[in-house]
Amino acid sequence: MTDNLQQKQLIEQLTHFWSNNLPFNTLLGLQVSKFDCKTSEIRFLWQDKLMGNPLQKTLHGGVTASALDFAGGVVVAANMIEQLEHKTPAAIQQSLSCLGTIDLRTDYLRPGRGEEFIATAHIIRSGNKVAVARMELHNEKGDHIAFGTGTYLVG
């Protein structure tokens, strides 16, 4: 099997796992739409259960922060996998078992209104122990709703 085909299969497996096997993310409807070792994209649709202010019909701030954190975690995980010498299932599982959020800063720029929301992330720094990602949340119209910075334990 070629490296390109193996990489494609790995991306498909991780996308499926992250989108369908993390109960909290599934509850929120967060779906990984694309990722690589430098960037990630998470999408989710408006649902009334995600509402933080029923008078304004806006996203709950915790949903915004969770989407940003997930986008940051996905790009950091992909970056960790990229750096592995041997990309076996056991090596990937062991590497990702130590991944965790150390710090998350969320800056809310405007109320979260929209029908679809897109969280993107990119790596700022990737070290042996800690990685840092920068995240943004936009709606389907391109309105910038929030941005964040996440620091993640990677080793």
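Attention in this report is confined to the structure presented alongside it. (Residues numbered from 1 in each chain as written. Predicted model: local features only at pLDDT ≥ 70, side-chain atom pairs only at ≥ 80, totals over all residues. Heavy atoms only, no water.)

Before going further, it helps to spend a moment on the pattern of salt bridges. With the rule as written, the count across this model stands at three salt bridges. The shortest N-O distance in the salt bridge between Glu41 and Arg43 comes to 3.0 Å. For Arg43, the salt bridge identified is with Glu116, shortest N-O distance 3.2 Å. Note that Arg43 is positioned in strand β2 (residues 39–45) and Glu116 in strand β6 (residues 116–126), a separation of 73 residues in sequence. For Glu116, a relative accessible area of 23% gives the class partly exposed. One continuous salt-bridge network, built from bridges that share partners, spans Glu41, Arg43 and Glu116. (Salt bridge = Lys/Arg side-chain N within 4 Å of Asp/Glu carboxyl O. Helix = DSSP H or I, 4+ residues; strand = E, 2+ residues; numbered from the N terminus. Buried < 20%, exposed > 50% of the residue type's maximum accessible area, 1.4 Å probe, protein only.)

At a closest axis distance of 10 Å, the pairing of helix α3 (residues 61–83) and helix α4 (residues 89–96) adopts a crossing angle of 135°. By the angle between their directions, the pair α3 and α4 is classed as oblique. As for the relative orientation of α3 and α4, their crossing is right-handed in sense. On α4, the residues that touch Ala77, Met80 and Ile81 of α3 are Ile92, Ser95 and Leu96. Looking at the contact of α3 with α4 residue by residue, the classes come out as five nonpolar, one polar and no charged. (Axes fitted to C-alpha atoms, helices over the stretch in contact; angles between N-to-C directions. Parallel < 35°, antiparallel > 145°, perpendicular 65-115°, else oblique. Left-handed = near helix turned anticlockwise from the far one by under 90°. Contact = heavy atoms within 4.5 Å. Nonpolar A, V, L, I, M, F, W, Y, C, P; charged D, E, K, R; others polar.)

Take the packing of aromatic side chains next. Evaluation of the coordinates by the stated rule reveals two aromatic pairs. Ring geometry for Trp18 against Phe35: centres 5.2 Å apart, planes inclined by 65°, an arrangement best described as edge-to-face. Of this pair, Trp18 sits in helix α1 (residues 3–20) while Phe35 sits in strand β1 (residues 31–35), placing them 17 residues apart in sequence. Each member of the pair, Trp18 as well as Phe35, carries the same accessibility label: buried. Measuring from ring centre to ring centre gives 5.2 Å for Phe44 and Phe117, while their planes differ by 25°; the resulting arrangement is stacked. (Phe/Tyr/Trp six-rings, centres within 6.5 Å; stacked < 30°, edge-to-face > 60°.)

Don't take any of this as a statement about function, it's just geometry.
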